[in-house]
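Breakdown of the fold
Read off the chains here:
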Amino acid sequence: MGELTGKRIVLGVTGGVAAYKAAELVRALVREQAAVEVVLTATGARFVSAATFQALSGNPVWLDLWDDRASGGMAHIELGRRADAIVVAPASADFLAKLACGLADDLLSTLCLARPAGRVLMVAPAMNREMWDNPATRRNAARLREDGVALLGPADGEQACGETGPGRMAEPGELIEALIATFQPRRLAGRRLLITAGPTFEPIDPVRGLTNLSSGRMGYALARAAAEAGAAVTLVSGPVSLATPGGVERVDVLTALQMREAVLSRLADIDLFIAVAAVCDFRAAEPSVAKVKKEGASLSLPLARNPDILAEVAARPDAPFCVGFAAETERLEEQAEAKRRAKGLPLLVGNLVQEGMGGENSRLVLFDDGGMHPIAPGSKREIARRLIGEIAARLPGGAHG
Ligand code: CTP
């Protein structure tokens, strides 16, 4: 099932070279099973034709305020009213100015103005960097943010005009992620989450180290689900090759000691700490400055115990609500509950390793004072959302939203 199944999206396309990316955006929306209606401005139609958008969306394209296909010729009212969200991508400097002033002289600007209160309006500016830097545009963008319009981008980079700087339209993938997020319940609105993810890497010498097979995917999926649920998220991450979820602040670390330092120095005002990282329990007691040479038939490597970050945070008098993870290969119930008690955690997520560690699907069981609660299986993303729902419901003060 698509992430936008059942959602009706009006996509406004204004005049700009980035209009070609809007075609890609329509494809991505349709892939997520959204019903897409494209509204093309007169200048937008100079860059990409209505036929392209019609073919990609499978729906007729709207061009004209006076289009009489809508009942009573009221396309500007009807389109906005039946949409779950309005996205304008690319949004030209001219269109931002119109929107900021409440002008309504074509179909797109009129339907934006006539949208019902609270309806999501997401706008992806795209223009030459000087136009974006112009105080007039900056003023308009600030005004739109104040008015509750979600501005995404622009990104920095090479521009069609040959210049380099801010003004590129946000990528379709980023827009889709942001749109999906707007439809999630805001169960963690106003909450501050600190989360660890990924493995740690403990150097033995300048080219070798101790680590483990954690991919970081579960931690990243949770960080993302928490951000979607409205939390301010700081993700302390060991070395992984994953993209940072939108809206998440990421701090990269390598070793357990660095992870501990990064966590402890960011605990102020944190409501919730989720430790998903597979922290190496041991590190080389004395990493070699030079590369270790193969001398002799064997090598002994003295190891030192790493501090337990989660246990340390949970033991603080001002501890946030702490959630731990336990990956076990056998006797999950017994081992997970023992870990929860040893670390003094209100909630621990147990994972039986043969059922999916490192894979796309995981089978998880929650352990709390009330006992064991299995989480319904699903994709990592679905599971992450369910987990965030379960955690939010247990937070002091309860779930918001
Ligand atoms: N954890 C941590 N710091 C460590 C070790 C673990 O914060 N130095 C956290 C993990 O992020 C996870 C939980 O503690 O939330 C895992 O507990 P732990 O008992 O360390 O699990 P394992 O490392 O699997 O322990 P063992 O090897 O003894 O089974």
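Residues numbered from 1 in each chain as written. Predicted model: local features only at pLDDT ≥ 70, side-chain atom pairs only at ≥ 80, totals over all residues. Heavy atoms only, no water.

What is expected of a backbone is that most residues other than glycine have negative phi and most peptide bonds are trans. Here the amide bond leading from A89 into P90 is cis, since omega sits at 0°, within 30 degrees of zero. Checked against the element boundaries, P90 lands in strand β3 (residues 85-91). Across the junction of G153 and P154, the peptide omega takes the value 5°, indicating a cis bond. At Q33, a residue that is not glycine, the phi angle is positive and equals roughly 70°. (Helix = DSSP H or I, 4+ residues; strand = E, 2+ residues; numbered from the N terminus.)

When you line up the elements, D205 lands in strand β9 (residues 202-205). Given a relative accessible area of 4%, D205 falls into the buried group. In this structure the side chain of D205 is engaged in a polar contact, spanning 2.5 Å, whose partner is the side chain of R208. Here the side chain of D205 touches V292 through a polar contact of 2.8 Å, landing on its backbone nitrogen. Setting aside its immediate chain neighbours within four residues, D205 contacts S288, A290, K291 and V292. (Buried < 20%, exposed > 50% of the residue type's maximum accessible area, 1.4 Å probe, protein only. Polar contact = N/O pair within 3.5 Å; in protein donor to acceptor, adjacent residues only side chain to side chain. Contact = heavy atoms within 4.5 Å.)

Among the 6 residues of strand β2 (residues 35-40), 5 are classified as buried, and the element is accordingly described as predominantly covered. Looking at chain direction, strand β1 (residues 8-13) and β2 are connected through 6 bridges and run parallel. When the sheet's bridge partners are listed, G12 is paired in β2 with V39. For the segment spanning β1, helix α1 (residues 19-31) and β2, crossover handedness is right-handed. (Pairing = 2+ DSSP bridges. Right-handed = clockwise from strand over helix to strand, strands pointing away.)

With that out of the way, let us pick up the site of the ligand. The full set close to the ligand counts 13 residues, and A275, A277, P307, F325 and K343 are the nearest of them. Within the backbone of F325, a nitrogen or oxygen atom sits 2.8 Å from an oxygen atom of the ligand. Protein contacts shield 74% of the accessible area of the ligand, which totals 570 Å² for the unbound molecule. Residue assignment for the shell around the ligand shows that the elements contributing at least two residues are α12 (309-314), β16 (321-328) and α13 (332-343). (Near = heavy atom within 4 Å. Areas by Shrake-Rupley, 256 points an atom, 1.4 Å probe, with all protein chains shown as cover.)

Moving on: a nonpolar patch on the surface. On the surface, a nonpolar cluster with roughly 320 Å² of combined accessible area is contributed by V17, Y20 and F47. Position of V17 among the secondary structure elements: in the loop between β1 and α1. (Patch = residues over 30% accessible without salt bridge, like charges linked within 9 Å, V, L, I, M, F, W, Y side chains within 5 Å. Salt bridge = Lys/Arg side-chain N within 4 Å of Asp/Glu carboxyl O.)

What follows deals with the sheet that holds strand β4 (residues 120-125). Pairing within the open sheet is parallel, and its 5 strands lie in the order β2-β1-β3-β4-β5. The sheet is open, and its two edges are formed by β2 and β5 (150-151), each paired on a single side. One ladder, built from 4 bridges, connects β1 with β3; its direction is parallel. Among the inter-strand pairings, V10 is bridged to a residue of β3, identified as I86. Packed onto the sheet, helix α4 (residues 75-82) meets β1, β2 and β3 and runs at close to 145° relative to β2. Across the sheet, helix α9 (residues 172-182) is in contact with β1, β3 and β4; its angle to β4 comes to roughly 165°. (Axes fitted to C-alpha atoms, helices over the stretch in contact; angles between N-to-C directions.)

Attention now goes to the environment of V38. Structurally, V38 is set in strand β2. For V38, a relative accessible area of 0% puts it in the buried group. The sequence separation of V38 and V10 amounts to 28 residues, and the corresponding C-alpha distance is 5.8 Å. Once residues within four sequence positions are removed from consideration, V38 is found in contact with L11, V13, V26, F53, V61 and W62.

What follows covers the packing of aromatic side chains. Ring pairs (aromatic) are described by centroid distance and by the angle formed between their planes. All chains considered together, the criterion is met by 0 aromatic pairs. Over the ring of F183 we find K7, and its NZ or CZ is 4.6 Å from the ring centre. (Phe/Tyr/Trp six-rings, centres within 6.5 Å; stacked < 30°, edge-to-face > 60°. Lys NZ or Arg CZ within 6 Å of the ring centre and 35° of its normal.)

Ranked by internal contacts, the top residues of the largest apolar core, which has 35 residues, are I195, L222, V233 and I274. Those elements that place two or more of their residues in this core are β8 (192-197), α10 (217-228), β11 (232-237), β13 (272-275), β16, β17 (347-352), β18 (364-368) and α14 (380-394). Ranked by residues supplied to this core, first place goes to α10 with 8 residues. For I274, the residues in contact, after removing those within four places along its chain, are L193, L194, I195, T196, L222, V323, F325, I388 and I391. One finds A19, V36, L40 and M122 within the second-largest nonpolar core, a separate group that totals 33 residues. (Core = buried A, V, L, I, M, F, W, Y, C linked by side-chain atoms within 4.5 Å.)

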